[in-house]
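Each chain, written out:
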Amino acid sequence: MRRRSKKQDLPKIIALSAVLVACTGAMGYAAFSTFGQPTPDQYGCFEDVKQRNTFVLFDASEPRLNIEQHRSVRDYLDELYANLEFNERLSFITTEGDVISSTPKARFHVCGTAKNPDDLDEIGAQSASAGFLRKQKQRLYNSVYAPQVDEMLSPTPDESRKQVSQSPMLEMVKNVSHMKDFVPGSRLIVLSDLLQNSETAQFCIKQNQMPPFRVFRKQESYQQRLMPRSLESIEVTVLLLQRYGYGHPSYLKYCKNEEELTTFWRDYFTGNGAIKPTFIRIRAGHTAG
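Rules used in this analysis
- Every chain's residues receive numbers from 1 upward, in the order its sequence appears when written.
- Predicted model: local features are reported for residues with pLDDT of at least 70 only, side-chain atom pairs are reported and counted for 80 or more only, and whole-chain, interface and lining totals are derived from all residues.
- Water and hydrogen atoms play no part in the side-chain values, which are based on all heavy atoms of the structure.
- In this description a helix means any DSSP run of H or I spanning at least four residues, a strand means any run of E spanning at least two, and both kinds are numbered starting from the N terminus.
- Buried, partly exposed and exposed residues are distinguished by accessible area as a fraction of the type maximum, computed with a 1.4 Å probe on protein chains only: under 20%, between the cut-offs, and over 50%, respectively.
- Pairing of aromatic side chains here covers Phe, Tyr and the six-membered ring of Trp, requires ring centres within 6.5 Å, and sorts the geometry by plane angle: under 30 degrees stacked, over 60 edge-to-face, intermediate tilted.
- Contact definition: two residues touch when any of their heavy atoms are within 4.5 Å.
- Whether two strands pair depends on DSSP finding at least two bridges between them.
- Axis lines are fitted through C-alpha atoms, for helices just across the contact stretch, and the angle between N-to-C directions can take any value from 0 to 180 degrees.
- Every angle not falling under 35 degrees, over 145, or within 65 to 115 is termed oblique; those three ranges are roughly parallel, roughly antiparallel and roughly perpendicular.
- Should the near helix be turned counterclockwise from the far one by less than a right angle, the crossing is left-handed, whereas a clockwise turn marks it as right-handed.
- Throughout, the ten residues Ala, Val, Leu, Ile, Met, Phe, Trp, Tyr, Cys and Pro are labelled nonpolar, Asp, Glu, Lys and Arg are labelled charged, and all others, Gly among them, are labelled polar.
- Each salt bridge in this description consists of a side-chain nitrogen of Lys or Arg and a carboxyl oxygen of Asp or Glu lying within 4 Å of one another.
- The method works on a 1 Å grid over the protein atoms by themselves. A cavity is a set of points holding a 1.4 Å probe that cannot get out, a pocket is an open set with protein on both sides within 12 Å along at least five of seven lines, and residues with an atom within 4 Å of a point line them.
- Grid points are joined across faces, edges and corners, and a volume is the space filled by probe spheres set on the points.

(A) Highlighting unusual backbone geometry. A cis amide bond links Glu 62 to the next residue, Pro 63, at an omega of 0 degrees. Turning to its location among the elements, Pro 63 is positioned in the loop between strand 1 (53-58) and helix 2 (67-82). The residue Asp 48 is not glycine, and still its phi comes out positive at about 65 degrees. If you trace the backbone, Asp 48 turns up in the loop between helix 1 (2-34) and strand 1. One non-glycine residue, Cys 204, lies in the positive phi region at around 70 degrees. Mapping Cys 204 onto the fold places it in the loop between strand 4 (187-192) and helix 6 (213-216). Owing to a relative accessible area of 1%, Cys 204 belongs among the buried residues under this scheme.

(B) Representation of the packing of aromatic side chains. In this structure the tally under the stated criterion is 20 aromatic pairs. Where Phe 92 meets Phe 108, the ring centres are 4.4 Å apart and the plane angle is 10 degrees; that geometry is what we call stacked. In this pair, Phe 92 sits in strand 2 (residues 89-94) while Phe 108 sits in strand 3 (residues 108-111), placing the two residues 16 residues apart along the sequence. Taking 5.2 Å as the distance between ring centres and 85 degrees as the angle between the ring planes, the aromatic pair formed by Phe 216 and Phe 264 counts as edge-to-face. Here the residue Phe 216 occupies a position in helix 6, and Phe 264 occupies one in helix 8 (residues 258-271), the gap between them amounting to 48 residues.

(C) Fine view of helix 5 (residues 169-177). Summarising burial for helix 5: eight of the nine residues are buried, a large majority. Turning to helix 5, its buried residues number three or more, namely Met 169, Leu 170, Glu 171, Met 172, Val 173, Asn 175, Val 176 and Ser 177. In this fold, the buried residues of helix 5 make contact with strand 1, strand 2, strand 4, helix 6, helix 7 (220-226) and helix 8.

(D) Layout of the sheet that holds strand 4. The six strands are arranged 3-2-1-4-5-6 in an open sheet whose pairing can be described as mixed. Among the strands making up the open sheet, the edge pair consists of strand 3 and strand 6 (278-282). Taken pair by pair, the neighbouring strands of this sheet meet at an average axis angle of 15 degrees, ignoring direction. Taken together, the five bridges between strand 1 and strand 4 define a ladder with parallel strand orientation. By the bridge assignment, Val 56 is partnered in strand 4 with Ile 189.

(E) Focus on the pairing of strand 4. Buried residues dominate strand 4, accounting for six of its six residues. Burial of strand 4 is two-sided: the residues Arg 187, Ile 189 and Leu 191 facing one way and the residues Leu 188, Val 190 and Ser 192 facing the other way are all buried. Pairing of strand 4 with strand 5 (residues 235-241) involves six bridges; the strand directions are parallel. Bridging from a neighbouring strand, Arg 187 pairs with Glu 235 of strand 5.

(F) Molecular detail of the packing of helix 2 against helix 4 (residues 130-153). The N-to-C vectors of helix 2 and helix 4 enclose an angle of 150 degrees; their axes lie 12 Å apart at closest approach. Accordingly, the angle class assigned to the pair helix 2 and helix 4 is roughly antiparallel. Every pair of crossing elements has a handedness; the one defined by helix 2 and helix 4 is right-handed. In contact with His 70, Val 73, Arg 74, Leu 77, Asp 78, Tyr 81 and Ala 82 of helix 2, helix 4 contributes Lys 137, Leu 140, Tyr 141, Tyr 145, Ala 146, Val 149, Asp 150, Met 152 and Leu 153. Residue composition of the contact of helix 2 with helix 4, by class: eleven nonpolar, one polar and four charged.

(G) Molecular detail of the pattern of salt bridges. The full count for this structure, using the stated rule, is 13 salt bridges. A salt bridge links Arg 187 to Glu 88; the nearest nitrogen and oxygen atoms lie 2.6 Å apart. With Arg 187 in strand 4 and Glu 88 in the loop between helix 2 and strand 2, this pair connects stretches of sequence that are 99 residues apart. Relative accessible area serves as the criterion here: at 1%, Glu 88 is assigned to the buried category.

(H) Here's a closer look at empty space enclosed by the protein. For the structure shown, the criterion picks out one cavity of 30 Å³ or more. Along its surface, the largest cavity is lined by Phe 58, Asp 59, Ala 60, Ser 61, Pro 63, Arg 64, Leu 65, Leu 241 and Arg 243. Of the residues belonging to the lining of the largest cavity, the class tally is five nonpolar, one polar and three charged.

Put into structure tokens, the structure is as follows:
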């Protein structure tokens, strides 16, 4: 009986062995066929392939975004991801308490995935169908981008990530401008209420600490600690978070209105080489005195 059973099982064993050999051969062929071809990393980035760099500088200082601001910012960032150029590197630098530094590193980054098979063909990478590329982009969004953005914009962040003591936006722009990949042709997106708050200056809170930029730029503190590298050929967009209390005797009493703050920053960016920085006002969604 045992001999007969072994004889009956022999064809199954041979068939399974053949399938295993075929699969192994297919995998070996796939590995051989892609050997030496560019392949993306887990963030969708192709190393040593030309890319544009976009930097988002997120001001994590209190107060956090309200519901309407959160929705507006999230929509903007999702659209930013959707429209990335192929291999465009999108890096997020934040002032969160656990990462803020004078030599900043990206909290996280992703790269724009291929939009069509031609993108891959042009760099000599393995081709893929348009449907596969759409799914690949969605997988990167679901596994990397969306979870990171959710944590960054959370109304209740981890204690280590909270920023309750400072908002050194002038220092941070300078530091970002010195990052290795911050080169002409890059984009800088600043998400902030622009209320500079550091040992150097406290805008709208202390008197005479936000004079017109033509005056501010002559100060030694600016020349020594705050002046960024040239922003020439840098595309600058500011997502300006609406705040209330300008001119109020107990809050932002040394700024008469939001326009005064915006004027300073527009002059700051253009004074350092940026051409026509764009300001997008992120409304709080209600009125206040």
